[in-house]
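Topology and contacts: notes
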Amino acid sequence: MNNLLLLEDDISLIDGLQYSLNKNGFHVDIARTVEEARKRLVEIEKYDLLILDVTLPDGTGFEVCEKVRKHNTQIPIIFLTASDEEVNIIRGLDCGGDDYVTKPFKLGELCSRIRALLRRAGVSTQDKANVLECGDISIDLLGSRVLLNGKLLELTNVEYRLLCLLVRNANHIISRDIILNDLWDGTGNFVDDNTLSVYVRRLREKIERDASHPQHLITVRGFGYQWKEVEL
């Protein structure tokens, strides 16, 4: 059974979510404030996924996400919010979130997104001896760690999965549709080309010497992206 942490202050929503998630085979711990969440996240290793409301009495889910990502953890994070404004969606993704669900939402869709993210996160543990290497980059699929010229990169969960997809298909062009379907399992209806562009930009800032003149992550206009192997 997967363990989830739900950060939400709406009691009526908590009751419904906890009941539905339990029925779908998930164990759920509840935090109603940012402070409660921080206390529970001292033992973050016990959780497989975080569900964070954006607006809380003592802060925001963005703050919790940023704190988690400072430790370079790859735990999947889903935001729950009543706002579907683009600026909030981009902020949630930029601070390290993996998915974004706007209230009201269908519980079946939320469960599908949770399973998709858990499935993607679990890919890295299937082969405990597997290390993916391509030129100057090395990906430890067991530890979800990425080294570029021997230096550890701090990547969000989605950036890590995007990188793995591209490196596995090095020197081949991957279409934007294939990338979105792979990352979001076909359920992220709000994800568009602009969202993918945000991830590509942020990944380039971390892997390229000059993000405006990339050597690794190449845009193939009209098609998608290509990972070029760069030797040590």
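Residues numbered from 1 in each chain as written. Predicted model: local features only at pLDDT ≥ 70, side-chain atom pairs only at ≥ 80, totals over all residues. Heavy atoms only, no water.

By the definition in use, this model includes 0 disulfides. Left without a disulfide partner, Cys 65 is nearest to the cysteine sulfur of Cys 95, which lies 3.7 Å away. Note on Cys 65: relative accessible area 0%, which makes it buried. (Disulfide = S-S within 2.5 Å. Buried < 20%, exposed > 50% of the residue type's maximum accessible area, 1.4 Å probe, protein only.)

What follows concerns unusual backbone geometry. Positive phi is not limited to glycine here, since Asn 149 has a value of about 55 degrees. The topology assignment puts Asn 149 in the loop between strand 10 (145-148) and strand 11 (151-153). Asn 149 sits in the partly exposed class, given a relative accessible area of 46%. The phi angle at Asn 171 is positive, at roughly 70 degrees, despite the residue not being glycine. When you line up the elements, Asn 171 lands in the loop between helix 6 (157-168) and strand 12 (173-175). (Helix = DSSP H or I, 4+ residues; strand = E, 2+ residues; numbered from the N terminus.)

The end-to-end C-alpha distance of helix 8 (residues 193-207), which contains 15 residues, comes to 21 Å, matching closely the 21 Å that a straight helix rising 1.5 Å per residue would cover. Restricting attention to buried positions, one finds in helix 8 the residues Thr 195, Leu 196, Val 198, Tyr 199, Val 200, Arg 202, Leu 203, Arg 204 and Ile 207. (Expected span 1.5 Å × (residues − 1).)

This part takes up helix 6. Relative to the 16 Å expected for 12 residues at 1.5 Å per residue, helix 6 spans 17 Å between its end C-alpha atoms, a close match to the ideal helical length. The element helix 6 is largely enclosed, with a buried count of 11 among its 12 residues. For helix 6, the complete set of buried residues consists of Asn 157, Val 158, Glu 159, Tyr 160, Arg 161, Leu 162, Leu 163, Cys 164, Leu 165, Leu 166 and Val 167.

With that out of the way, let us pick up the confidence of the model for the protein chain. A residue-level look at the protein chain finds 89% of positions with pLDDT of 70 or above and a mean pLDDT of 84. Confidence drops under a pLDDT of 50 for residues 123-129, and excluding neighbours within four residues, the segment shows 7 contacts in the predicted structure. (pLDDT = per-residue confidence, 0-100. Contact = heavy atoms within 4.5 Å.)

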